[in-house]
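An overview of the molecular structure
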Amino acid sequence: MLRSSIFLLGVGLLVLALPNESLQAQSGREDFVRVTDQMLQDPAPEDWLMWRRTLDSWGYSPLDQINRENVRGLRMVWTRDLEQGTGEVTPLAYGGILYVPQAQDVIQALDAVTGDFIWEYGRSIPDDLYQMVGGNARNNRNVAIYDQMIINTSDDNHVFAIDALTGEDIWETQIFDYQVNSATHSSGPIIAEGRVISGRSCRPWGGPEACVIVAHDARTGEELWRRRLVPAPGEPGNETWGDVPFEGRQHVGAWMVPSYDPETRLIIMGTSVTSPAPKFLLGGTGNTHLYHNSTLALEVETGEVRWYYQHLNDHWDLDHPFERLIVETPVAPNPDEVEWINPSIEPGEIRKVITGVPGKTGLVYTLDLETGEFLWATPTVFQNVIADIDVNTGKVTENPEVIFEQLEQEVFVCPTWAGGKDWEAGAYSPLTNTMYFPLRNTCAQMLATSNFESDRARALTAGGQGGLEIYSLAARHQIAPGTENLGTVRAISAETGETSWLHEQRAGTYSLMTTGGGLVFGGDHNGRFRAFDHETGEVLWEVNLGGIVSGYPVTYAVDGVQYIAVNTGGGSMNLTREIRPSRGSNVFVFALPQ
């Protein structure tokens, strides 16, 4: 379903695209090398083939032409305007082409060296679509590549494949009728062993059947399995919902991008909050409501749950769907810096773990990949929602002082639903065995309410501060007490949990990327795009792009030249009112002078 449009290309040629045809500026290439599972599992250094470049979600590239010694010479080589409303997106780089997902299901193929237009894909948008699936569906964080296809999930609840050289349709499969089981696709899929693995947020009116992770055959689009995230009567976990009827179990989504480990053949994916969020409205605060705010390990062939770990019984919209880093590392958490440590750990033992900051609370969790055993956890920002973690079992105890027990109750919660951490991705470097995270210092005066017209709800949400009716929450957000800085970048050892450096600043920070050149790249809400020294956190290079640097940075190489790409646009809640960047959406590409 390719939209009809007229575009003026860089060469001055006017092209008319007829319905069901792609906009093209050049014909297909005979030298295109089809992408295989082996290539996805071990990508060439010059390629960026998926959301975080590799299936373990590191956000790391071994390219080192741009390094700590010469990064100050980095210069912009081209820029291009993106679809209005584009924000947190990830270009894919392969074979000299940059594939750029954009708002409202637009995908463009651009020459990775010059930025010249190659083709554009778009879909028809039904008039009632975003009323049903939610405005967040306009976002398009990532696409996947396989064989000679670009594969994505659509705003209207389909999964589809288009030709990587022409943008023309290859196959399309409906996942849901968006008017019945409404779901939100703000992120795209990964490809794991020829399977398109996709998650989604599920609107409350879409019911529990919309809350699924789904696998499709990457070559044909045939559905292979779907895993519902809300148990039904007779299924394991049904008892955790108490007497809530199945049709009232809503909104447990998996709206970010999964990781995959080929050795264990496990898909690792996180989940989000229920609707409503306060559990006294869902049968009682003593129920755990599986599988919300959990890490799930799914069998790639069947979607069966091998194990799960629940990070939080969430009353405050503190989702836990974010990237899970898969790392093989010595495990030796330092008790002077790590708050909760499993006493059965033999310090220094090598384990394959899932680690990172999976949720908005800002806690680092490290779990055993094969079993889900809790190993260690520690905060990275001020938080008051988690009172304790049983170090033997990993069971989390929430702070009773901030658990809602009735409507119109108000509590002071840190962090807020803006995080802590949110969709902005951290990164890992194997050169330092260190994780790097963009974090925020936030708190909120939060109200459990079903009446958003009350004086108190209006006072809290005035000025666009935030009311989330589907969660029965209203809030007034602020920077956490004790600091004037909203944004941080924190470097944390995957082995010891020690913080090796901390960068703090007034503006909120966004997604990060690490490279073989010893650099950590990342942007912020004030338009700055920076390169940090991965060992010290020193800012080695900085440019002002004028707009919110919300995109996921990537790096790639063509003909021996390394490039860095990132986009502006979109962004998160702004608690620093004096910072007023442009909202324009552009992709910027940098390289060293040649």
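By convention here, each chain's residues receive numbers from 1 onward along its written sequence. Under the rules for a predicted model, residues below a pLDDT of 70 receive no local features and side-chain atom pairs below 80 are neither given nor counted, while totals for whole chains, interfaces and linings still include all residues. Think of the side-chain values as coming from all heavy atoms in the structure, minus any hydrogens and water.

**Considering the overall build of the chain**
- Each helix and strand counted, the chain has three helices and 45 strands in total.
- The classification of residues rests on relative accessible area computed with a 1.4 Å probe and restricted to protein chains. Under 20% of the type maximum is buried, over 50% is exposed, and intermediate values are partly exposed. In the chain, which comprises 594 residues, the share counted as buried stands at 65%.
- Taking the intrachain contacts of the chain between residues at least 6 apart in sequence as the baseline, contacts between residues at least 24 apart amount to 61%.
- Positive charges are assigned to Lys and Arg, negative charges to Asp and Glu, while His and the chain termini are left out of the count. Just so you know, the charge point we use is NZ for Lys, CZ for Arg, CG for Asp and CD for Glu. Charge centroids of the chain, computed over 40 positive and 77 negative side chains, lie 4 Å from each other. In this text, helices come from DSSP runs of H or I with a minimum length of four residues, and strands from runs of E with a minimum of two, each type numbered from the N-terminal end. The contact rule is simple, with two residues in contact once any of their heavy atoms fall within 4.5 Å.

**A short note on the state of the cysteines**
- Cysteine sulfur atoms are paired as a disulfide whenever they come within 2.5 Å of each other. Applying the stated rule across the entire model yields two disulfides.
- Covalent S-S linkage joins C202 and C211, the inter-sulfur distance amounting to 2.1 Å. Here the disulfide of C202 and C211 is right-handed, its torsion about the S-S bond being about 100°.
- A relative accessible area of 0% places C202 in the buried class.
- There is a disulfide in this structure between C414 and C443, and the S-S distance comes to 2.0 Å. The disulfide joining C414 to C443 has a torsion of about 110° about its S-S bond and is therefore right-handed.

**Concerning the pattern of salt bridges**
- Salt bridges are counted wherever a side-chain nitrogen of Lys or Arg sits within 4 Å of a carboxyl oxygen of Asp or Glu. Going through the model one piece at a time under the given rule, you end up with 31 salt bridges.
- Its salt-bridge partner being R228, residue E235 comes within 3.0 Å of it at the nearest N-O pair.
- Among the ionic pairs, R351 bridges to E373, the shortest N-O distance being 2.9 Å. Within this pair, whereas R351 is found in strand β26 (residues 349-355), its partner E373 is found in the loop between β27 (364-368) and β28 (374-378), the two being separated by 22 residues in sequence.

**Quick notes on the sheet that holds strand β22 (residues 294-299)**
- Strands sit in the order β20-β21-β22-β23 across an open sheet of four strands; the sheet is antiparallel. Pairing within the sheet leaves two strands with one partner each, and these edge strands are β20 (259-261) and β23 (305-310). Strand-to-strand, the axes of this sheet are offset by a mean angle of 20°, without reference to chain direction.
- Direction of pairing for strand β21 (residues 266-270) relative to β22: antiparallel, over a ladder of five bridges. Its bridge partner being in β22, I267 is matched across the sheet by L298. DSSP bridges decide pairing: two strands pair if at least two such bridges lie between them. All axes are obtained by fitting lines to C-alpha atoms, using only the stretch in contact for helices, and the reported angles, taken between N-to-C directions, cover 0 to 180 degrees.

**Regarding the side chain of R52**
- Looking at the element boundaries, R52 is found in the loop between α1 (37-41) and β4 (60-61).
- Buried charge without a partner: R52 forms no salt bridge, and the closest opposite charge is E323, 6.1 Å away.
- A distance of 2.8 Å separates a polar side-chain atom of R52 from the backbone oxygen of G426. Contacts described as polar in this section are N or O atom pairs within 3.5 Å, which, within protein, must combine one atom able to donate a hydrogen with one able to accept it, while residues neighboring in sequence count only if both atoms come from side chains.

**Digging into the pairing of strand β43 (residues 554-558)**
- Most of β43 sits out of view: five of its five residues are buried.
- Residues V554, Y556 and V558 point to one face of β43 and T555 and A557 to the other, with burial holding for every one of them.
- Two elements, β43 and strand β44 (residues 561-567), share five bridges in a ladder whose sense is antiparallel. Bridging across to β44, Y556 finds its partner in Y563.
- The turn linking β43 back onto β44 is made up of two residues, and D559 within it adopts a positive phi angle of 50°.

**Brief notes about the environment of T371**
- Tracing the backbone shows T371 in the loop between β27 and β28.
- Relative accessible area serves as the criterion here: at 49%, T371 is assigned to the partly exposed category.
- C-alpha separation for the pair T371 and Y308, spaced 63 residues apart in sequence, amounts to 8.7 Å.
- Within the structure, T371 has its side chain in polar contact with the backbone nitrogen of E373 (distance 3.2 Å).

**Thoughts on the sheet that holds strand β45 (residues 586-591)**
- Spatially, the four strands line up as an open sheet ordered β5-β45-β44-β43, and their pairing is antiparallel. Bordering the open sheet on either side are β5 (75-81) and β43, each of which pairs with just one other strand. Averaged over all neighbouring strand pairs, the angle between strand axes comes to 25°, with direction disregarded.

**What about the packing of aromatic side chains?**
- Only rings of Phe, Tyr and Trp enter the pairing, Trp through its six-membered ring, and a pair is recorded when the two centres are within 6.5 Å. The plane angle decides the type: under 30 degrees is stacked, over 60 is edge-to-face, the rest tilted. Applying the stated criterion across every chain, the model contains 19 aromatic pairs.
- Centroid distance W423 to Y510: 5.8 Å. Interplanar angle 35°. Geometry classified as tilted. Here W423, found in the loop between β31 (410-413) and β32 (427-429), pairs with Y510, found in strand β39 (residues 509-515); they are 87 residues apart in sequence, far enough to count as distant. Both residues of the pair, W423 and Y510, count as buried.
- Aromatic side chains Y436 and W501 sit 5.8 Å apart centroid to centroid with 40° between the ring planes, which places their arrangement in the tilted category.

**What to know about empty space enclosed by the protein**
- Here a cavity denotes a set of grid points, spaced 1 Å apart and computed over the protein atoms alone, in which a 1.4 Å probe fits but from which it cannot get out, and a pocket denotes an open set meeting protein on both sides within 12 Å along at least five of seven lines; residues with an atom within 4 Å of a point are reported as lining. Grid points are joined across faces, edges and corners, and a volume is the space filled by probe spheres set on the points. Considering all chains together, one arrives at five cavities of 30 Å³ or more under this definition.
- Of the voids in this model, the largest cavity is the one considered here, and its volume is about 50 Å³.
- Looking at the largest cavity, the residues that line it are T295, H311, E323, R324, I354, T355, G356, V357, P358, Y365 and L367.
- Sorting the residues of the lining of the largest cavity by element identifies β26 and β27 as the ones contributing at least two each.
- In the lining of the largest cavity, the residues fall into five nonpolar, four polar and two charged. Residue classes follow a fixed rule: Ala, Val, Leu, Ile, Met, Phe, Trp, Tyr, Cys and Pro count as nonpolar, while Asp, Glu, Lys and Arg count as charged, and any other residue, Gly among them, counts as polar.

**Description of the layout of surface pockets**
- Within this model, the largest pocket holds a volume of roughly 1,300 Å³.
- Taken together, 47 residues form the lining of the largest pocket, with N136, D422, W423, G571 and S572 sitting closest to its centre.
- Of the residues contributing to the lining of the largest pocket, the split by class is 11 nonpolar, 23 polar and 13 charged.

**Let's talk about the environment of T366**
- Within the secondary structure layout, T366 lies in strand β27.
- When the C-alpha atoms of T366 and T355 are compared, they prove to be 4.3 Å apart, with 11 residues separating the residues in sequence.
- Not counting residues up to four positions away in its chain, the partners in contact with T366 are V353, I354, T355, E373, F374, L375 and W376.

**Brief notes about the nonpolar core**
- Remark: nonpolar core denotes a set of buried residues (Ala, Val, Leu, Ile, Met, Phe, Trp, Tyr, Cys) joined through side-chain atoms within 4.5 Å. Counting 107 residues, the largest nonpolar core has V71, L74, Y99, I151, F521, F529 and Y556 as its most contacted members.
- Here V71 is in contact with I66, L519, F521, A531, L540 and W541, once residues within four sequence places are set aside.
- Counting residues in each nonpolar core, the second largest holds 35 residues, with L266, I386, V411 and Y471 among its members.

**Things to note about a positive patch on the surface**
- Patches draw on residues past 30% relative accessible area with no salt bridge. Two like charges within 9 Å are joined, as are two nonpolar side chains (Val, Leu, Ile, Met, Phe, Trp, Tyr) within 5 Å. Residue exposure ignores everything except the shown protein chains as possible cover, and the areas themselves are Shrake-Rupley values with a 1.4 Å probe. Where like charges cluster on the molecular surface, the positive patch consists of R476, R577, R580 and R583.
- Position of R577 among the secondary structure elements: in the loop between β44 and β45.

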